Amino acid sequence: MSIEKSPVSAKIDFEKDGKQISYLRVPYSRNTSAWGAVLVPMIVIKNGVGSTVLLIGGNHGGEYEGPVTLLKLSHTLKSDQIRGRVVILPALNLPAVQAGNRVSPIDGLDMNRAFPGKYNGTITQIIAHYVHEAVLPLCDAVIDLHSGGFSLDLMPYNSMHYLPDEDLRRRTMAALKAFDAPLSLVMREFTGEGLLDYAVEGMGKIFLCAEIGGRGILSPAKLKIAENGVQNILKHFEIIEGDAPESTTRLMEVPDAGHYAYARSNGIYEAFFELGEDVQAGQAVGQIHYPEDPARNPEVITIERGGMLVGTRGPGFVERGDCVAVTARDL
Ligand SMILES: [Zn+2]
């Protein structure tokens, strides 16, 4: 794949010092706008030679701490305050962000299942392709700010994957600790292909996926965690002055599928635990009620692996296959 074939145009010079607030222009021809485009915001702040960090929000819509943190940073951070380069994509899947939904209303695609993208694909795939080909190669580290969105509530944490390469694992762990979220997870995921995470890791670069809250709301306390974490990361990479504080994060892991529990029927999910509470292996994490059928007993949901409850269902109603609980154990 090559960037020359991409239909995306951007009036950005990645090598120029100063602050540029601009857009990726992604052609989007439709009934109401024959020669129209989706304008995906991109901010580049550069000063001299140093590390390049890419900060991403709005990979999914309906996840608000990331975009707000990065919009505020785009306003306040000045090029003379930094050394190196900060690239900010505050609303990566802009149509999804504007819709307040996880996936794009244009093509129904989840940006974080679309990498490495396609230059001749749909809007989401074209954005992914451009970022993969034109932006990721410039970066030393990528910090992707998510939350649980509408469907999940997550303890505020930052995370990395189990990485086979020892050097990349060490560098990623150092960045994870520097971000200093209250909780840091090393995770195995069961979400399939197409993650931005795998694309960045495959290039041998540092990737962190932060999950800052959820339920489709913006919490002031959790926003502060994201804002502090980004400042700590910029200090860690010596882009802004100062030292990241001594890490106080609690390091945990989610090593296998037994740490996830799913609904097996449609109904109202009653969680038995609050986030942060300890759950034993094999214990019931909640039960599903059937409002249309009072004679039917609630179905109890157990979880194979115990630990601290770090994720729970957001809305009360669940469908078969929905994730309702995630536990983590100390690393
Ligand atoms: Zn997300």
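Structure first, text after, so check above.
Quick notes on the rules
Residues numbered from 1 in each chain as written. Predicted model: local features only at pLDDT ≥ 70, side-chain atom pairs only at ≥ 80, totals over all residues. Heavy atoms only, no water. Pairing = 2+ DSSP bridges. Helix = DSSP H or I, 4+ residues; strand = E, 2+ residues; numbered from the N terminus. Axes fitted to C-alpha atoms, helices over the stretch in contact; angles between N-to-C directions. Parallel < 35°, antiparallel > 145°, perpendicular 65-115°, else oblique. Contact = heavy atoms within 4.5 Å. Donors = N, O, S within 2.8 Å, 3.2 Å for Na, K, Ca; no water. Tetrahedral: all angles 85-135°; square planar, octahedral: opposite > 155°, others 65-115°. Buried < 20%, exposed > 50% of the residue type's maximum accessible area, 1.4 Å probe, protein only. Salt bridge = Lys/Arg side-chain N within 4 Å of Asp/Glu carboxyl O. Polar contact = N/O pair within 3.5 Å; in protein donor to acceptor, adjacent residues only side chain to side chain. Right-handed = clockwise from strand over helix to strand, strands pointing away. Core = buried A, V, L, I, M, F, W, Y, C linked by side-chain atoms within 4.5 Å.

A.B. asks: Can you walk me through the sheet that holds strand S15 (residues 284–289) in this structure?
C.D. replies: Sheet strands line up and pair through hydrogen bonds in the backbone, either parallel or antiparallel. The antiparallel open sheet is built from four strands, whose spatial order is S16-S15-S13-S18. The open sheet has two edge strands with one neighbour each: strand S16 (299–302) and strand S18 (317–318).

A.B. asks: Is there a simple way to explain the packing of helix H4 (residues 166–179) against helix H6 (residues 220–236) in this structure?
C.D. replies: Packed helices, taken two at a time, are described by their axes: the angle between them and the distance between them. H6 packs onto H4 with a crossing angle of 135° between their chain directions and a minimal axis gap of 7 Å. It follows from the interaxial angle that H4 and H6 lie oblique. From H4, Ala-174, Ala-175, Ala-178 and Phe-179 reach across to H6, where they touch Ile-225, Ala-226, Gly-229, Val-230, Asn-232, Ile-233 and His-236.

A.B. asks: Even after reading the chapter, I still don't get the coordination of the zinc ion, so can you show me in this structure?
C.D. replies: Around a metal, the idealised angle for a tetrahedral arrangement of four donor atoms is 109.5 degrees; for an octahedral arrangement of six donor atoms it is 90 or 180 degrees. Around the zinc ion, the donor atoms from the protein are His-60 (ND1), Glu-63 (OE), Glu-63 (OE) and His-146 (ND1), and they sit 2.0 to 2.3 Å away. If you look at the zinc ion, its four donor atoms make angles of 57 to 151° with each other, and the shape they trace is irregular. Taken in chain order, the donor set of the zinc ion reads H-x2-E-x82-H. One end of the pair, Glu-63, is in the loop between strand S4 (52–57) and helix H1 (65–76); the other, His-146, is in strand S6 (residues 141–146), and 83 residues separate them in sequence. Accessibility classification places Glu-63 together with His-146 in one group, the buried group.

A.B. asks: How do you make sense of the pattern of salt bridges when you look at a structure like this?
C.D. replies: Any two side chains of opposite charge can pair if their charged atoms end up close together. For the coordinates displayed, the defined rule picks out 15 salt bridges. For Arg-83, the salt bridge is made with Glu-238, and the minimal N-O distance between the two is 4.0 Å. Residue Arg-83 is located in the loop between H1 and strand S5 (84–89), and its partner Glu-238 is located in the loop between H6 and strand S11 (250–254); the two are separated by 155 residues in the primary sequence. When its relative accessible area of 54% is taken as the criterion, Glu-238 is described as exposed. Measuring nitrogen to oxygen at the nearest pair gives 3.2 Å for the salt bridge that ties Arg-264 to Glu-299. Placement of the pair is Arg-264 in the loop between strand S12 (260–262) and strand S13 (267–271) and Glu-299 in strand S16, with a sequence separation of 35 residues. Overlapping salt bridges bring together Glu-63, Arg-102 and Asp-110 as one network.

A.B. asks: Explain the pairing of S13 here, please?
C.D. replies: Along any regular strand, the residues point their side chains to alternate faces of the sheet. When S13 meets S18, the two strands line up antiparallel, connected through two bridges. Among the inter-strand pairings, Gly-267 is bridged to a residue of S18, identified as Val-318. The pairing of S13 with S15 spans four bridges and is classified as antiparallel. Pairing of Ile-268 across the sheet is with His-289, part of S15.

A.B. asks: How should I be thinking about the side chain of Asn-112 in this particular structure?
C.D. replies: Tracing the sequence through the fold places Asn-112 in the loop between helix H2 (94–99) and helix H3 (123–135). Judged by relative accessible area, which is 5%, Asn-112 ranks as buried. Polar side-chain contacts of Asn-112 include one of 3.3 Å to the side chain of Asn-59. At 2.9 Å, the side chain of Asn-112 forms a polar contact with the backbone nitrogen of Leu-196. Ignoring sequence-local partners within four residues, the contact set of Asn-112 consists of Asn-59, His-60, His-146, Gly-194, Leu-195, Leu-196 and Asp-197.

A.B. asks: Please explain the pairing of S5 as it appears in this structure.
C.D. replies: With six of six residues buried, S5 lies mostly within the body of the structure. Because side chains alternate across S5, one face comprises the buried residues Gly-84, Val-86 and Ile-88, and the other comprises Arg-85, Val-87 and Leu-89, equally buried. Strand direction decides the pairing type here: strand S3 (residues 37–47) and S5, joined by five bridges, are antiparallel. Considered in S5, the bridge of Val-44 is made with Val-87. Each parallel crossover has a hand, and for S4 linked through H1 to S5 it is right-handed.

A.B. asks: When you look at the nonpolar core in this model, what are you seeing that I'm missing?
C.D. replies: It is characteristic of soluble globular proteins that their nonpolar side chains tend to be buried jointly. Counting residues in hydrophobic clusters, the biggest one holds 35 residues, and the most contacted among them are Met-42, Leu-54 and Val-135. Those elements giving two or more residues to this core turn out to be strand S2 (18–27), S3, S4, S5, H3, helix H5 (196–202) and strand S10 (206–211). Excluding residues within four positions of it along the chain, Val-135 makes contact with Phe-14, Met-42, Leu-54, Val-87 and Tyr-130. Counting residues in hydrophobic clusters, the runner-up holds 34 residues, among them Leu-77, Leu-163, Met-173 and Ala-226.

Read these as spatial facts, not as claims about activity.
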